[in-house]
Amino acid sequence: MPNTQYLNTHNLQNMTIPIKKSKFTQELNEAQLEGVLATEGPVLVLAGAGSGKTRLLTYKIAYLVLELGIEPRSILGVTFTNKAAGEMRERVEQLCGGSLGGMWLGTFHAMCGKLLRIDGSAVGLGENYSIYDELDQRRLMKDIVHDFGLDPKEFDARRVLGTISSCKNRMICPEEYLPLTEDPKERTLVKLWTAYQDALKACDAVDFDDMLIFAVRLLQENDELRQKWARKFKYILVDEFQDTNLVQYELVKALASFHGNITVVGDDDQSIYSWRGAEVRNILDFPEDFEGTTTIRLEQNYRSTGNILEAASAVVANNAERHAKTLWTKGQKGELLRVFKLPDEYAEAKLVARMIREQIDGGVSGSDIAILYRVNAHSRLLEEALTRQKISHVIVGGIRFFDRAEIKDTLAYLRVVVNPDDDVAFGRSVNMPRRGVGLQSMNRLREMAKAEGKSLYRMLIEGDMSGFPPRSREGFAEYIEIIEELRATARSADAGEIVGQTLRDSGYLKMLEDDGSFEAKSRVENLSELLNSGIEFANTHPEDPSIRAYITEVSLLAGIDSYSPDEESVSLMTIHSAKGLEFGTVYVCGLEEGLFPIARAMESPGELEEERRLFYVAVTRAKERVALLWAMSRHRFGMEQYSSRSRFIDEIPKVLIEGDTDAKPEPSLFERKPSAKKAVSGAINPGTIVEHPFFGRGEVRGVQGWGENAILTVAFPKYGTKKLLLKYADLSVVRG
């Protein structure tokens with residue numbers, strides 16, 4: 001039985017707590033304690049970054065069990081990861097002094113899985129239904145596309161399934177989607193979707209999205225079952241509520257329909273996953289959807305210094321759609337945030353690596369340092385700069401640049417260009433993108449090559465291919481034509497030119513651009529960075545800018561294992577991967593308009609607000625130091641693009657910034673500027689012929705702006721068109 005002797009806690013008015021459980025008052029701050037004691041009715045806990053939300057949730061479950069005598073089986077706790085669920089259960093059982101058998105504590109999918117095992121027959125599932133993972137789903141969809149006689153390139157299984165998943169997250173079914181479109185391709189997609197669902201049903205199987213959809217259907221369409229499950233769970237607690245999608249929202253709403261005791265914990269300022277279905281309105285509209293909601297704000301931060309919190313709060317306060325809150329700390333104000341302006345991305349990477357080397361030499365642990373960026377493609381130069389400084393590092397939640405599939409695929413083409421006898425590279429590239437070369441044809445080619453003692457490529461050129469299927473012969477012929485043209489060009493072209501031609505001629509870049517998915521766009525950015533890498537190599541190795549020399553250097557660089565378990569490594573990651581983590585020092589790179597905030601968010605107020613929340617998440621990962629870096633120019637597919645600094649830097653109060661520091665790095669790798677700057681004599685206008693110390697003589701095609709901040713578009717015969725900032729370009733006028 002619960003202890004009935006209570007003590008009124010100051011400033012909590014009518015809320016009470018048992019005297020004998022004094023650790024609740026000793027180990028929780030006032031707002032956390034208020035959240036623990038608010039057990040009845042709907043409760044919204046707005047938990048700012050680093051404010052101790054996990055402590056509130058675990059203590060609240062312990063309080064329900066120990067003090068209110070609630071049976072563990074009547075409590076439902078929902079998290080987003082198995083790891084978080086396991087850690088929460090462990091903490092609660094430590095507080096309660098024993099196992100909490102019968103309590104449902106797990107992810108949304110785990111909860112729905114249990115529910116459907118018990119009552120899935122109400123929605124047509126057997127008790128032994130199968131769950132299809134992503135590979136199973138793709139295999140099934142590929143078969144369906146084949147059965148429909150459709151082009152697998154046009155109806156790529158991954159892309160089709162991505163569209164279906166997006167619809168399911170918004171609770172849209174095929175019958176509802178069909179009237180929304182007149183596009184023939186989309187109407188075909190609906191047919192594929194319907195066939196996919198029919199195939200799942202025939203196999204008594206569900207995919208991950210269906211697990212949630214079927215559970216919601218069960219609760220919404222069957223009053224008896226809704227009453228059964230809603231009565232069972234007297235208290236419901238949901239973590240990371242800002243990351244829920246519409247289906248998950250409807251699920252907890254149905255389960256809370258009887259007792260109404262639901263506590264959701266989250267931070268709308270950290271809602272950064274809309275691209276995978278998360279709906280920030282779930283947490284914004286919670287008080288309206290659940291009448292009588294008690295709102296509690298956890299604003300005391302236990303992670304960051306005062307200046308970091310003040311800067312982050314000032315930026316995110318510019319969002320219109322948010323619950324008002326301001327983080328604060330009892331700790332020190334700490335260091336000011338440092339802002340660095342760099343000429344280009346090469347200087348940015350070198351500066352970050354140099355500053356980290358100084359920190360490590362000064363006794364800072366590498367594991368207490370993180371480099372954050374908006375997109376994965378940003379990691380390449382940073383990885384190289386850290387490697388040159390001999391700094392152990394690890395890509396968190398991602399793959400090292402030269403280990404990414406699209407990079408390895410392209411490098412495989414280049415390796416065959418350099419060495420046609422490279423059978424491994426041949427095998428990786430010959431049917432990428434798909435050109436009709438199947439497994440049977442490859443096996444036959446290998447048998448022929450082995451019998452003749454030749455490489456696969458030599459066998460392809462010199463052997464008798466008449467016995468192969470027509471589609472394979474066409475695919476092999478297309479591949480030979482691509483490789484031979486590249487080999488001919490490589491005799492006189494540099495690495496940058498060959499990388500660019502490979503991306504175009506192979507069809508690889510077009511395949512990704514036609515895909516158009518979020519993942520494909522990220523892979524296109526990585527290929528852009530690979531092209532930059534080739535151009536950079538050619539510019540910095542004039543003695544041998546060939547593709548052969550480039551492949552040699554890349555092979556050595558890619559072969560370096562930058563992570564050693566015996567050393568504490570610096571972490572590199574996207575900001576999305578950094579959520580929930582903390583570090584002593586955080587470097588946020590690429591803070592330019594169009595990159596962060598990302599270009600596609602510029603025309604959408606909602607997307608722009610999510611970008612601002614992403615910046616808030618980045619800054620609040622830091623405990624002590626924040627460095628914000630932006631570059632005045634970056635290269636995309638070899639073209640220099642001028643940038644302006646991110647609006648998010650401008651939204652930080654000036655008193656919190658240590659200057660707008662102009663870093664003085666070594667010369668840029670791309671333009672290799674001499675240390676002594678020459679004065680530009682004479683006016684520069686379109687048509688002016690200028691001399692650049694590396695690119696040579698070129699003609700000015702355009703001028704934007706004025707004075708030393710003017711941006712020049714200059715056409716160089718050998719290196720193509722470049723955009724140069726006049727004050728950094730080190731140009732001489734040859735003739736006006």
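Every value quoted in this text rests on a predicted model; they were computed, and no experiment measured them.

Chemist: Help me understand the pairing of strand S22 (residues 711-716), please; the structure alone is not making it clear to me.
Modeler: Consecutive side chains of a regular strand alternate in pointing toward one face of the sheet and then the other. The buried fraction of S22 amounts to six of the six residues, a majority that puts the element mostly inside the structure. Along S22, one buried face is formed by Ile-711, Thr-713 and Ala-715 and the opposite face, lined by Leu-712, Val-714 and Phe-716, is buried too.

Chemist: Is there a simple way to think about the side chain of Asp-209 in this case?
Modeler: Along the chain, Asp-209 turns up in helix H10 (residues 208-221). One buried charged residue, Asp-209, forms no salt bridge at all, with the nearest opposite charge on Lys-168 at 5.3 Å. Not counting residues within four places of it along the chain, the set of residues in contact with Asp-209 comprises Ser-165, Lys-168 and Asn-169.

Chemist: Whenever I open this one, the pattern of salt bridges confuses me. Can you help?
Modeler: Taken as a whole and assessed by the stated rule, the structure comprises 46 salt bridges. The salt bridge partner of Arg-55 is Glu-27, with a shortest N-O separation of 3.9 Å. Of the two residues, Arg-55 is situated in helix H3 (residues 53-66) and Glu-27 in helix H1 (residues 23-27); the sequence distance between them amounts to 28 residues. What makes Arg-55 partly exposed here is its relative accessible area of 35%. Overall, the relative accessible area of 37% leaves Glu-27 in the partly exposed class. Put simply, Arg-380 and Glu-384 hold a salt bridge, and the shortest N to O gap is 3.1 Å. Residue Arg-380 and its partner Glu-384 are both found in helix H17 (residues 379-388); the two are separated by four residues, about one turn of the helix. A single burial state applies to Arg-380 and to Glu-384, both of which are buried.

Chemist: Is there a simple way to think about the packing of H17 against helix H25 (residues 518-540) in this case?
Modeler: How two helices sit against one another is set out by the angle between their axes and by the gap between those axes. Their axes nearest at 9 Å, the elements H17 and H25 cross at an angle of 50°. It follows that H17 is oblique to H25 by the angle criterion. Residues Arg-380, Leu-381 and Glu-384 of H17 pack against Glu-529, Asn-532, Ser-533 and Glu-536 of H25.

Chemist: Mind showing me how you'd approach the side chain of Ser-455 here?
Modeler: With respect to the helices, strands and loops of the structure, Ser-455 is situated in the loop between helix H20 (439-452) and helix H21 (456-462). Separated by 2.7 Å, the side chains of Ser-455 and Asp-421 make a polar contact. In this view, Ser-455 contacts Pro-420, Asp-421, Asp-423 and Ala-449; residues no more than four positions away in its chain are not counted.

Chemist: Just checking my understanding: could you explain the nonpolar core for this structure?
Modeler: A general tendency of soluble globular proteins is for nonpolar side chains to be buried together. Judged by nonpolar contacts, the single largest core of 50 residues is most densely connected at Leu-411, Phe-426, Leu-445, Phe-476, Ile-547 and Tyr-550. Considering each element in turn, this core owes the most residues, eight residues, to helix H18 (residues 405-418). By size, the runner-up hydrophobic cluster in this structure holds 42 residues, among which are Cys-112, Leu-218, Phe-241 and Leu-251.

Chemist: So what exactly am I meant to see when it comes to the packing of aromatic side chains here?
Modeler: Centre distance and the angle of the planes are the two values used to describe a pair of aromatic rings. All told, the structure shown has 20 aromatic pairs when counted by the stated rule. Here the aromatic rings of Tyr-249 and Phe-290 are separated by 6.4 Å at their centres, their planes lie at 90°, and the arrangement is edge-to-face. With a gap of 41 residues between them, Tyr-249 in helix H12 (residues 246-255) and Phe-290 in the loop between helix H14 (286-289) and strand S10 (294-298) connect regions that are remote in the sequence. Relative accessible area serves as the criterion here: at 11%, Phe-290 is assigned to the buried category. By the ring-pair criterion, three or more aromatic residues cluster together here, those being Phe-241, Tyr-249, Phe-286 and Phe-290. Here the guanidinium or amino end of Lys-185 rests over the ring plane of Phe-155, the centre of that ring lying 5.7 Å away. Here the guanidinium or amino end of Arg-217 rests over the ring plane of Phe-214, the centre of that ring lying 5.2 Å away.

Rules behind the numbers
- Along each chain, residue indices are assigned from 1 in the same order as the chain's sequence is written.
- Per-residue local features of the predicted model are confined to residues with pLDDT of at least 70, and side-chain atom pairs are confined, for both listing and counting, to 80 or more; whole-chain, interface and lining totals are unaffected and use all residues.
- Excluding hydrogens and water, the side-chain figures rest on all heavy atoms present in the structure.
- The buried label applies to any residue whose accessible area, calculated with a 1.4 Å probe on protein chains only, is under 20% of its type's maximum; exposed applies above 50%, and partly exposed to all values in between.
- Helix and strand definitions here come from DSSP, where helices need a minimum of 4 consecutive H or I residues and strands a minimum of 2 consecutive E residues; each element is numbered from the N-terminal end.
- Counted as positive: Lys and Arg. Counted as negative: Asp and Glu, with His and the chain ends omitted from the count.
- Salt bridge criterion: a side-chain nitrogen from Lys or Arg within 4 Å of a carboxyl oxygen from Asp or Glu.
- Should any heavy atoms of two residues lie within 4.5 Å, those residues are counted as being in contact.
- Each axis is a line fitted through C-alpha atoms, taken for helices only over the stretch in contact, and angles between the N-to-C directions span 0 to 180 degrees.
- Should an angle fall under 35 degrees it is taken as roughly parallel, and over 145 as roughly antiparallel, whereas 65 to 115 is taken as roughly perpendicular and any remaining angle as oblique.
- In protein, a polar contact requires one atom able to donate a hydrogen and another able to accept it; more generally it is a pair of N or O atoms within 3.5 Å, and residues adjacent in sequence count only if both atoms are side-chain atoms.
- Residues enter a nonpolar core if they are buried and are Ala, Val, Leu, Ile, Met, Phe, Trp, Tyr or Cys, with the set joined through side-chain atoms within 4.5 Å.
- Side-chain rings of Phe, Tyr and Trp (the six-membered ring for Trp) are treated as a pair once their centres are within 6.5 Å; stacked means planes under 30 degrees apart, edge-to-face means over 60, and tilted covers the remaining angles.
- Should the NZ of a Lys or the CZ of an Arg lie within 6 Å of a ring centre and within 35 degrees of the ring normal, that charge is described as sitting over the ring.

Shape descriptors only; they carry no functional weight alone.
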